[in-house]
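Next come the chains, spelled out residue by residue.
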Amino acid sequence: MSETAHTATPQDPQRLHEEMQEVWGNPRGLKALTIVNHTTLGLRFMVTGMVFFLIGGILAMLVRTQLAFPDQEFMSPEIYNQVFTMHGTVMMFLFAIPMLEGLAIYMIPKMIGARDLVCPRLTSLGYWCYLFGGIILVSSLFLEMAPDSGWFMYTPLSSGEFAPGPGSDFWLLGITFIEISALSAGVELVVSILRTRTRGMSLDKMPLFAWYILAMALMIVVGFPPLILASIMLELERAVGMPFFEVAAGGDPILWQHLFWLFGHPEVYIIFLPAAGIVSTLIPVFAGRPIVGYRWVVVAIIVTGFISFGLWVHHMFTVGIPQLAQAFFSAASMLVAVPTAIQVFVWLATLWLGRPVMKLPMLWILGFLIIFVCGGLTGVMLALVPFNWQVHDTHFVVAHMHYVLVGGMLFPLMAGLYYWLPLFSGRMPSERLGRWGFWLTFLGFNATFLIMHWTGLLGMPRRIYTYETVMGWEIFNLLSSIGGFVMSAGIAMVLLDIALHFRFGRPAPRNPWNADTLEWANTLPPSPYNLVSLPTVHSRHPMWDDPDLPRSTAAGEHGLPGAPFGRRELWGSDPLTGKLREVIHIPTSSWWPFLAAAALAVVCVCLLVRMYPLAGIATLTAVGLLLRWSWENGAHPRAAPDARVAPGEPPLHSRTMDGPGLWAMSIALLANGSFFLSYLFGWFYLWTVSPEWRMPDTSPLSLPMMLMAGVALSAGAVWLEKLVNGLRRQDDRGLASGMLAITLLGGAQVALLVWVIWQADLAATETAHDAVLLLGLIYVLLHGALGATLTLLQALRVGYGYVSAEVPFEPAVVARLWRYNLVVYWIVLFAVVVMPMWLGGGA
Amino acid sequence: MAWLWWGMLAFSTVVLVVITALWLYAFRGGRRVDRSSRDEQRIARRWIIGGGLLLPGLSIVVLLAFGVPAGQRMLPLPLPDGQQAERIEVIGHQWWWEVRYPEAEGGEVVTSNQLVMPVGEPVDFHVTGEDVIHAFWIPRLGGKIDMIPGRTNVIRLEADFAGVFGAQCAEFCGAQHTNMQLHVEAMPRDDFEAWLAERQAPPEQSDDHAAARETFVEHCASCHRVAGVSDGQLGPDLSDIGDRVSLGAGRLAMEEGAISYWLRHHQQLKPGNRMPSHDHLDAETLDALGAWLETLSP
Amino acid sequence: MMRLALTHPLHLVIGLTLWSLWFVAIYGGLSVACAVAPPAPAQGALTAINGVLGLLTAATTALLAWLAWACLQAARDELGRPRFVAAVSAGLYLFSAVSTLFVGIPVIGVPPCL
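Residues numbered from 1 in each chain as written. Chains lettered and ligands numbered in written order. Predicted model: local features only at pLDDT ≥ 70, side-chain atom pairs only at ≥ 80, totals over all residues. Heavy atoms only, no water.

Draft legend 1. Here's a closer look at the UniProt feature "domain: Cytochrome c" (unreviewed entry) in chain B. Under the present numbering, the feature "domain: Cytochrome c" (unreviewed entry) in UniProt falls on residues 207-297 of chain B. A distance of 16 Å separates the end C-alpha atoms of residues 207-297 of chain B, which is 38% helix and 9% strand. (UniProt positions renumbered as here; feature names shortened; annotations may be inferred. Helix = DSSP H or I, 4+ residues; strand = E, 2+ residues; numbered from the N terminus.)

Right, dumping it as structure tokens:
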């Protein structure tokens, strides 16, 4: 790695490629487990997702076989319940979300002109968590211990009393594990889209797909934590007996439903938005003109992202919520039709004004349109409360949600896969076999589910394992089953087509569809580093402005060419204007993510078999591995010990105060905040609504002790802010000793909290009140401990010289966590100690 | 409610067909005239505002204007002229229905897996769940409502004509969710009163079945109630079982010998149900038990 | 208080955030009010609860509509990226205002706690 001068003159592309390959290339053999590159990991996500899709599909076919004829005994009721529960779970959690995340992980850096995602090792952790979690969850099927309470796991049916086997534990632990993966991908997609777009790609020049993924990722960040909280609570109830959802002890099973659907409804849009992003990407390309109403689409995306959080109760219209509250949710549910309609008509107008060509991807888009509009219309009907009361929990709802999910996700996904195939394989898809696959899937799908609307209107409830001849449902069920098998044949044909194309496909020319977005500047198939040099963007259509980009980027004629310092580098830019701010150096292949995920998998399995001491050891191991992973940062020899950059380039991010890590911390804290707000919701919900809620007249917690702990935390947080302000002025005097002192303050807070908990003598297995209280205290306790540990590590890192006035970045990141801890602690103190004293226990 | 559904269906079909047709037309439009960008903008805006804002906007306003008042009917609002709605309590169990008439003249009446209601007047159903969440739903009469442990939900339904309706638990409630059906019968007020009155007194007991009764007291009484004989609360009340149309919440039609068949095979007929199998009792005992239970009819 | 320029990207999320806060306030307020002091069903929709919810709805709608108008004016004076941000914000504020009104309308005719 010589430090040669890099100018914008053309260089030997082959030499540049070799230079890049040396820095960015992926290891082989066993070391392939250490790969962190987004291209490889995106592909792994998608292939794994496809495998789970096939498993989910087989489960669906088992269901259709059972229901094909009346009075069948193909499966016992117990097995049938496991099969339909796992079908829903696998399709939602193991296929839809990871598949789309995989596509985003693969495509986003290429589309915004970056070389990788901004936290590559996090991508890797996410993948392994997904894989291990998925394997654990699916293994329950083969052990005949699968969860059997339906994919939304309503308690008390899923509680220890009514589901004593380990099925529910598999679901709760496996899904939580997989959600770590979803969250980590969500966080880094947000930061990557906001901070690593290439020069000139301001917010209004971003490809629409990036807008969609930005919204999806933010929705994951905010939407998944409620379910994580609910899962933790239900698992605690099952394992330890903390009665969060038990009426007799003051809990409430409806709380589970609120938390589940608080996640569950946004989830539908988390799945739909990226798929709509695919449609918005393909339609302009095949219409041969820019999309009309770019601004309208952006409005629609943002509206969908928000409104979808205000609809969750429409899954609960029958639980006995006041009519007026139902009217709010009913109206909000209907509102979602507006942004969706805007998009449908934007697409229509684009086609109308363009010169569309009907290639195979467009066929899938057309199929999407018909199915999705139909699903949307039945969705509006379902938002109407009296109609909902009639068809809720019948096969009408089953039909509706398959129209929305298959139409709104699978069809655009297929369109996208066919469209981007050259970017995976460097080859073009076939037209013939692919069309057969499409028509079989399309017709089979409609045969299955269009008829099912009618079966539902005839009164067939969902989730029944058989029915009698007298009901008059048999012909419709038989037709649905036949349709299901036709659809399977179609899917099989599509997969066969894609598999064959890797061998027989025609090699793709550069930019084969004449697309406008930057991912087509890559070589086909792409390299691990995407682009040798990073272009500057002047409009929303870089490839139409400059069709020569594939050549000129490879020749190093643009910014940041090659890898002269042996680092993996990409540009950090301003989130609004796209002006350059820093050069981001990202970490390389590593064992830490794999090992950490493996340790977490051990935790998961230990909890499943109830070996709690071992689970504790594994948890500590995982934490240790994660902290050890964080050690390779800043001026660490494995990170960026020297700060050289090529002339004209901005400084390295670790030498600034506002690098992407700070953004990642903020987005992670947004997720954490959503978790905390869900907790507060649970507290106030149980307090006001739970039928048998009991609250002691005086709080069992010692207020003076709590106040002292709060003062220690506040003092630490203020001190840390002062140190960070000093670093901002290039002043690192007293940094190490300050960090040590802050650690001690954090330690004092933790010690006081432990004392408070110990002294309160909470009956957490007797009353829901004490259980919720304990959960909140443990939450702030763990955060305090994490804050103290990180400042201790900072003190050490100052000693090693990894952190200093020249490398001032990390304390700012840690300070953000302390700020969060501070706010959360005082809110907890106010909500669970002061407010009950104030308002009295009754309420 | 039917007009609402047919109206929505017709409207939705039109929307779907028109949108699809427009898309197909856009595809097959062939070579187009070159338009100025100003024209293009105007056309695009027209589509987006017309189709994207006005169409869904107006549709949902209309829908809500019709829909919200339609829901009011099922609310337990006070009746206009001081009239009292009949109160019937329904409690969901894994996997059977307990039905109580607390306001019956002459004392509470309890039955299970069958529900009799007066026709032509509003009835308030107070529903709850004993173990897990179930849902109460008589499709022909209207909406459903969840039966949640620890809470009581009220739904007001009215049968416009006398007759028999099917009902089925509508919230997945475990292994035998499928076989949790309820036989609903609406009848004129006088017949309804008579039906209740018949059940005020315990069923008559003849000495022919003394042995079967003893078997019952020994093996069944801790779970099942038979008025005047036992007071078990875990399983369905059997005081009028001879008068019911089915066994096992709709699993087996009631006919002569059905009960003793059920007693022998209920774990095959309804796998996982909470009643233990009776393999330790011989066939004659079970037959006698069945024969006695069949006489329990008001 | 420092004024946030109307071309600032934060305006892209403020409108719907206000909508969400309002939504939480009316749903949460309704639930708490019905748990603490439910009015007699005979009162129908003419209750204090409906009144407060209605006022809150009207105030939120007015605020959002005003912000929409302000952003629209700002968009007129700008070009390029600032114009883009202000125009999209204006659209989002307008949508939020209409949504508030639409979701809040039922307080006129529906009794609160049944």
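Draft legend 2. Representation of the domain arrangement of chain A within the structure. All names here are of chain A. Partitioning chain A into structural domains gives domain 1 (41-51 + 81-283 + 294-312 + 331-345 + 510-590 + 632-693) and domain 2 (696-843). Taking the mean C-alpha position of each, domain 1 and domain 2 sit 28 Å from one another. Of the residues lining the interface, 40 residues belong to domain 1; the matching set on domain 2 comes to 42 residues. Across the domain 1 to domain 2 interface the summed buried area is about 3,300 Å²; carbon plus sulfur atoms make up 76%. For the domain 1 face of the interface with domain 2, the top three residues by lost area are Met657, Trp683 and Trp687, together amounting to 22%. Where domain 1 packs against domain 2, one counts 0 salt bridges. For the pair domain 1 and domain 2, the interface holds 12 residue pairs in polar contact (both at pLDDT 80 or more). Only α6 (208-239) and α20 (660-689) provide two or more residues apiece to the side of domain 1 that touches domain 2. Among the elements that line the side of domain 1 that touches domain 2, the one with the most residues is α20, at 16 residues. Of the residues that constitute the side of domain 1 that touches domain 2, the class distribution is 24 nonpolar, 14 polar and 2 charged. (Domains from an automatic or database assignment. Contact = heavy atoms within 4.5 Å. Buried area = accessible area lost by both parts, 1.4 Å probe. Salt bridge = Lys/Arg side-chain N within 4 Å of Asp/Glu carboxyl O. Polar contact = N/O pair within 3.5 Å; in protein donor to acceptor, adjacent residues only side chain to side chain. Nonpolar A, V, L, I, M, F, W, Y, C, P; charged D, E, K, R; others polar.)

Draft legend 3. Summary view of the nonpolar core. Membership of the largest hydrophobic core comes to 402 residues, with the highest contact counts inside it found for Trp23 and Phe136 of chain B. The leading source of residues in this core is helix α7 (residues 253-287) of chain A, at 22 residues. Phe136 of chain B has contacts with Val90, Trp97, Leu115, Phe125, Val127, Gly143, Lys144, Ile145, Met147, Ile155, Leu157 and Leu182 of chain B, leaving out every residue within four places of it along the chain. If you look at the next biggest cluster of nonpolar residues, it comprises 21 residues, including Ala212, Ile241, Leu252 and Leu296 of chain B. (Core = buried A, V, L, I, M, F, W, Y, C linked by side-chain atoms within 4.5 Å. Buried < 20%, exposed > 50% of the residue type's maximum accessible area, 1.4 Å probe, protein only.)

Draft legend 4. View of the interface of chain B and chain A. Taken together, the 73 residues of chain B in the interface contact 82 residues of chain A. Across the chain B/chain A interface, buried area totals approximately 6,700 Å², and carbon plus sulfur atoms make up 72% of it. At the boundary of chain B with chain A, the tally comes to 2 salt bridges. Among the salt bridges present, the one from Arg151 of chain B reaches Asp252 of chain A, with a minimum N-O distance of 2.1 Å. Taken together, chain B and chain A are joined by 7 residue pairs in polar contact (both at pLDDT 80 or more). Mapped by element, the contributors of at least two residues to the side of chain B that touches chain A are α1 (2-28), α2 (37-72) and β7 (144-147) of chain B. Per-element accounting of the side of chain B that touches chain A gives the leading share, 19 residues, to α2 of chain B.

Draft legend 5. Layout of unusual backbone geometry. Of note, the amide linkage connecting Leu524 of chain A to Pro525 of chain A takes the cis form, showing an omega dihedral of -10°. Looking at the secondary structure, you find Pro525 of chain A in the loop between α15 (474-504) and α16 (542-545). Put simply, Gln94 of chain B and Trp95 of chain B share a cis peptide bond, and its omega is -5°. Its place among the elements puts Trp95 of chain B in the loop between β1 (86-93) and β2 (96-101). We note that Gln730 of chain A has phi near 65°; this positive angle belongs to a residue other than glycine. A positive phi angle is found at Ala249 of chain B, which is not glycine, with a value near 55°. By secondary structure assignment, the location of Ala249 of chain B is in the loop between β13 (246-247) and β14 (252-253). Residue Ala249 of chain B is classed as buried on the basis of its relative accessible area, which comes to 0%.

Draft legend 6. Quick peek at the packing of helix α3 (residues 77-111) of chain A against helix α4 (residues 120-142) of chain A. All names here are of chain A. Axis separation between α3 and α4 bottoms out at 11 Å; the angle between their running directions is 160°. Judged by the angle between their axes, α3 and α4 are roughly antiparallel. Considering how the two elements wind past one another, α3 and α4 form a crossing that is left-handed. Counted together, Met86, Thr89, Val90, Leu94, Pro98 and Ile105 of α3 and Thr123, Tyr130, Gly134, Leu137, Val138, Ser140 and Leu141 of α4 form the full contact between these two elements. (Axes fitted to C-alpha atoms, helices over the stretch in contact; angles between N-to-C directions. Parallel < 35°, antiparallel > 145°, perpendicular 65-115°, else oblique. Left-handed = near helix turned anticlockwise from the far one by under 90°.)

Draft legend 7. A look at the pairing of β1 of chain B. Residue and element names in this part refer to chain B. For β1, a buried count of 7 out of 8 residues is recorded, marking the element as mostly surrounded by other parts of the structure. The pairing of β1 with β2 spans 5 bridges and is classified as antiparallel. Each bridged residue has a counterpart across the sheet, and for Glu89 the counterpart in β2 is Arg100. Count of turn residues in the β1/β2 antiparallel hairpin: 2 residues. (Pairing = 2+ DSSP bridges.)

Draft legend 8. How the structure looks around the UniProt feature "domain: Heme-copper oxidase subunit III family profile" (unreviewed entry) in chain A. Under the UniProt annotation, "domain: Heme-copper oxidase subunit III family profile" (unreviewed entry) lies at residues 580-838 of chain A. Its end C-alpha atoms 52 Å apart, residues 580-838 of chain A is made of 70% helix and 3% strand.

Draft legend 9. Summary view of the packing of aromatic side chains. As enumerated under the stated definition, the model contains 79 aromatic pairs over all chains in all. Between the aromatic rings of Phe681 of chain A and Tyr685 of chain A, the centroid separation amounts to 5.7 Å while the plane-to-plane angle is 35°, which identifies the pairing as tilted. Of this pair, Phe681 of chain A and Tyr685 of chain A both sit in helix α20, 4 residues apart, which is roughly one turn of the helix. Of the residues examined, Tyr685 of chain A reaches a relative accessible area of 9% and is grouped as buried. On the basis of an interplanar angle of 65° and a centroid distance of 5.6 Å, the ring pair of Tyr101 of chain B and Trp195 of chain B is categorised as edge-to-face. Here Tyr101 of chain B is found in strand β2, whereas its partner Trp195 of chain B is found in helix α3 (residues 189-198), with 94 residues between them in sequence. (Phe/Tyr/Trp six-rings, centres within 6.5 Å; stacked < 30°, edge-to-face > 60°.)

Draft legend 10. Quick look at the pairing of strand β1 (residues 568-573) of chain A. Residues and elements named next belong to chain A. Here β1 lies mainly inside the structure; 6 of its 6 residues are buried. Of the strand pairs in this sheet, β1 and strand β2 (residues 580-586) are connected by 6 bridges, and their pairing is antiparallel. When the sheet's bridge partners are listed, Gly572 is paired in β2 with Glu582. Hairpin connection, β1 to β2: the antiparallel pair is bridged by 6 residues, and Gly578 has positive phi, about 75°.

Draft legend 11. Molecular detail of the sheet that holds strand β4 (residues 114-118) of chain B. All names here are of chain B. Here we have 3 strands laid out as an open sheet, ordered β4-β10-β9, and mixed in their pairing. On the outer flanks of this sheet lie β4 and β9 (163-168), each paired with one strand and no other. Taking each pair of neighbouring strands and ignoring which way they run, the sheet shows an average axis angle of 25°. Looking at chain direction, β4 and strand β10 (residues 181-187) are connected through 5 bridges and run parallel. Across the sheet, residue Pro118 finds its bridge partner in β10, namely Met187.

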